[in-house]
Amino acid sequence: MIQVKNVTKKYGDFYAVRNINFEIKDGEIVGFLGRNGAGKSTTMNMITGFIEPTEGEIIVGGYNIDANPKKVKRQIGYMPEGTPLYADLTVKEFVSYMAELKLIPRKERKEAVKKAIESTGLEKVQNNLTKSLSRGYKQRVSMAGAIVGNPQILILDEPTVGLDPKQVIEIRELIKSFGKNHTVLISSHILSEINQICEKVIVIDKGEIVAVDTPEHLEAGATETTILHITVDDINNVFETLKDEITEITELTLQKTNEDNSKEYEIKTNVKTDIRKIISKTCAEKDITILEMRKEEASLEDAFIKLVEDRPEYSQKEVKKMQYEKEIEEIREEERIRKEEKANRKQAKKEEKARKEANKEMKKEAKQAKQKEQENKKEKGGEA
Amino acid sequence: MFAVMKKEFKSYLLTPIGYIFIGLFLLMFSIFFYLSVFSSRVVNFEYLFYNGATILTFVTPVLTMRMFAEERRNGTEQLLLTSPRSITSVVLGKFFAAAIIMLITEAFTLMYYAILRYFGKPSILVAGTTLLGFFLLSLAYISFGMFASSITENQIVASVLTIGVFIAMWFLPDFNQIFSIFSLIYKFDNFPNGLINISEIVTFVSFTILFILLTIIILQRRKSIK
């Protein structure tokens, strides 16, 4: 089981991956879907221990990769992006070296290498130098390096990129066969591939996870409207009245009239409930013959585009601008607070001064009053 | 460690690198041998290694420049660092593979000893101290070359850096004697005289260990900044 908890990877100010969380159970084949630069390889590199996350923890098979890297790495077979191989080794030597690196005991090594070469179909080229192989074979060699020693977890980074269609199918079949008794995490930006191989999809975009679900659920969530394509033999020309009779229909448009006078319509509904039954029943009542009726399925592609397109696209420049503006705003706020404090202090000083002056004034007045009193007394005394 | 060492050693011999290193070193060594025979008419096996140290300054990068720079450029670094092997064992494996090539090269220089033995009586003990000193010097050079290779993915940069630092260490004492502590080639001076000085051995060994450790630290650090 792989658990990724609150993992963030930062390069300077740039977030390659931001606070991601997901879990992959034993025996699952999980697809990691995202555009180029979405953070797929970064996440995979963190799970395999090639790079360290800035924050968060990764637990593989019960071991934290930070505390027990050796135990974690022993469970993982990793096929990195771009299939790096040692050019000066033969296929067999390369797979043996990988087996040695993976600490497979000497006694089991020969058998493990043989098995890995057999299951990737490399027997014929096992004594060729890896640099002399075609792209498809190189990919297989890389895969053999990943599966040697039968690790419980396979992590495959873009395993079919750059292959011809036949090779893609072969590699895909290979992955499917491993998926029967391994946990597989496979990254790709090719949706049909994920759809065919994986039971669960993790969609990642701009370093954040936007969805974790089965391909079917993602597809279902992609559209709110259901679209039906229907071809009818409508002699009485009454098909278009269906719109008034079936309230669920929001749009009914004639697409094409065929040579045999049959007509092709497109029907849109706002609800997700299937109205095909109602349509057939109504058509039967109206003596309309349905020649074909097909429900348009939303593809994983639609789901993906919907998930990813809803998110604002910020370029790095824009992000920097936003950060800059935020900083400016903060500085302004500080300045404002400082000014306010200064004004308050000034006001307080002014008040203090005014108070003192008032005091002085009062004292002066009191003095004057006293003086006057004394003068009055003196005058009175003089008079007396 | 042995898995990496075995593979690296094999790589040296499967690619021209190992042969180029051994060949280049012996070719230049032979030229110096030839020149001293014909110019001064006096040949001393031990003193040939002063020239040997000069040659080593320039040819060490042939052996070391690809160590990590090539792995990084080809992406095979990912295979190494995601394997359960520790970084220390990977670094030591590569270091010892280069050290073995160096040992083989040094073994070849014994043929000059054999030639001289035929004509005279060179001291076997002094030859021994020279070879020991030369081997320690080459280990120190390899460790620095390996370190230079670990900080870049460009092999040319790694080799230029290696040669540049070696030359600086060589000539800096001419400006001020203080720098002679850093000068490995000066530390080697006493070995061909049959003197084994503990402080010199300690310098070579600690320099070697320092740069092996620095290489390990660089690779470990890169995990968090990569």
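Heads up: these notes are all about the structure in this document. If you're wondering where the values come from, they're calculated on a predicted model, not measured in any experiment.

**As for the overall build of chain A**
So, step 1. Broken down by element type, chain A carries twelve helices and 14 strands.
So, step 2. With respect to the principal axes defined by its C-alpha atoms, chain A has extents near 140 × 80 × 35 Å.
So, step 3. A buried classification covers 40% of the 384 residues belonging to chain A.
So, step 4. The long-range share in chain A, meaning contacts at least 24 apart out of those at least 6 apart in sequence, stands at 67%.
So, step 5. Put simply, chain A shows about 22,800 Å² of open surface, and 47% of that area lies on carbon and sulfur atoms.
So, step 6. Taking the average place of the 68 positive charges on the side chains of chain A and the average place of its 70 negative ones, the gap between the two points comes to 10 Å.

**Focus on the pattern of salt bridges**
Residue and element names in this part refer to chain A.
So, step 1. Tallying each qualifying case throughout the model produces 21 salt bridges over all chains.
So, step 2. We note a salt bridge from Glu158 to Lys40, for which the minimum N-O separation is 3.6 Å. With Glu158 in the loop between strand 7 (153-157) and helix 6 (165-179) and Lys40 in helix 1 (residues 40-47), the pair connects residues that are 118 residues apart, well separated along the chain. In this structure, Glu158 and Lys40 share a single accessibility class: buried.
So, step 3. Between Glu333 and Arg336 there is a salt bridge whose closest N-O contact spans 2.8 Å. On the criterion of helical spacing, the pair formed by Glu333 and Arg336 is a turn pair, its members being three residues apart in helix 12 (residues 316-383).

**Looking at the packing of helix 2 (residues 16-39) of chain B against helix 7 (residues 110-119) of chain B**
Residue and element names in this part refer to chain B.
So, step 1. Across the interface, helix 2 lies against helix 7 with an axial gap of 11 Å and an inter-helix angle of 25°. On the basis of their axis angle, the class for helix 2 and helix 7 is roughly parallel. Relative to helix 7, helix 2 is oriented so that their crossing is right-handed. Here helix 2 contributes Leu26, Phe29, Ser30 and Phe33 to the contact with helix 7, which in turn contributes Tyr112, Ile115 and Leu116.
So, step 2. Split by residue class, the contact of helix 2 with helix 7 holds six nonpolar, one polar and no charged.

**So, unusual backbone geometry**
Residues and elements named next belong to chain A.
So, step 1. Phi is positive for Leu103, which is not a glycine, with a value near 60°.
So, step 2. For Leu103, the location among the structural elements is in the loop between helix 3 (91-101) and helix 4 (106-119).
So, step 3. Of note, Lys206 is a non-glycine position whose phi angle comes to about 45°, a positive value.
So, step 4. Take Lys206: it is sitting in the loop between strand 9 (200-205) and strand 10 (208-213).

**Quick notes on the environment of Phe179 of chain B**
Residues and elements named next belong to chain B.
So, step 1. Mapped onto the elements of the fold, Phe179 is located in the loop between helix 9 (155-175) and helix 10 (184-187).
So, step 2. Sequence spacing of Phe179 and Ala168 is eleven residues, and the spatial spacing of their C-alpha atoms is 9.7 Å.
So, step 3. Among residues more than four places away in sequence, those in contact with Phe179 are Leu172 and Pro173.

**Considering the interface of chain A and chain B**
By convention, interface size is frequently given as the accessible area that disappears when the constituent parts associate.
So, step 1. Across the contact, 26 residues belong to chain A and 25 residues belong to chain B.
So, step 2. Interface area lost by chain A to chain B is led by Phe50, Tyr86 and Leu101 of chain A, which between them contribute 26%.
So, step 3. Residues Lys10 of chain B and Glu93 of chain A are paired through a salt bridge, measuring 3.8 Å at the closest nitrogen-oxygen approach.
So, step 4. One can count eight residue pairs in polar contact (both at pLDDT 80 or more) joining chain A with chain B.
So, step 5. Elements with a contribution of two residues or more to the side of chain A that touches chain B: strand 1 (2-11), helix 2 (69-75) and helix 3 of chain A.
So, step 6. With six residues, helix 3 of chain A is the single largest residue contributor to the side of chain A that touches chain B.

Here is what the cut-offs are and how they apply
- Residues numbered from 1 in each chain as written.
- Chains lettered and ligands numbered in written order.
- Predicted model: local features only at pLDDT ≥ 70, side-chain atom pairs only at ≥ 80, totals over all residues.
- Heavy atoms only, no water.
- Helix = DSSP H or I, 4+ residues; strand = E, 2+ residues; numbered from the N terminus.
- Buried < 20%, exposed > 50% of the residue type's maximum accessible area, 1.4 Å probe, protein only.
- Contact = heavy atoms within 4.5 Å.
- Areas by Shrake-Rupley, 256 points an atom, 1.4 Å probe, with all protein chains shown as cover.
- Lys, Arg positive; Asp, Glu negative; His and termini not counted.
- Charge placed at Lys NZ, Arg CZ, Asp CG, Glu CD.
- Salt bridge = Lys/Arg side-chain N within 4 Å of Asp/Glu carboxyl O.
- Axes fitted to C-alpha atoms, helices over the stretch in contact; angles between N-to-C directions.
- Parallel < 35°, antiparallel > 145°, perpendicular 65-115°, else oblique.
- Left-handed = near helix turned anticlockwise from the far one by under 90°.
- Nonpolar A, V, L, I, M, F, W, Y, C, P; charged D, E, K, R; others polar.
- Buried area = accessible area lost by both parts, 1.4 Å probe.
- Polar contact = N/O pair within 3.5 Å; in protein donor to acceptor, adjacent residues only side chain to side chain.

All quantities given are derived from atomic positions and should not be read as evidence of function.
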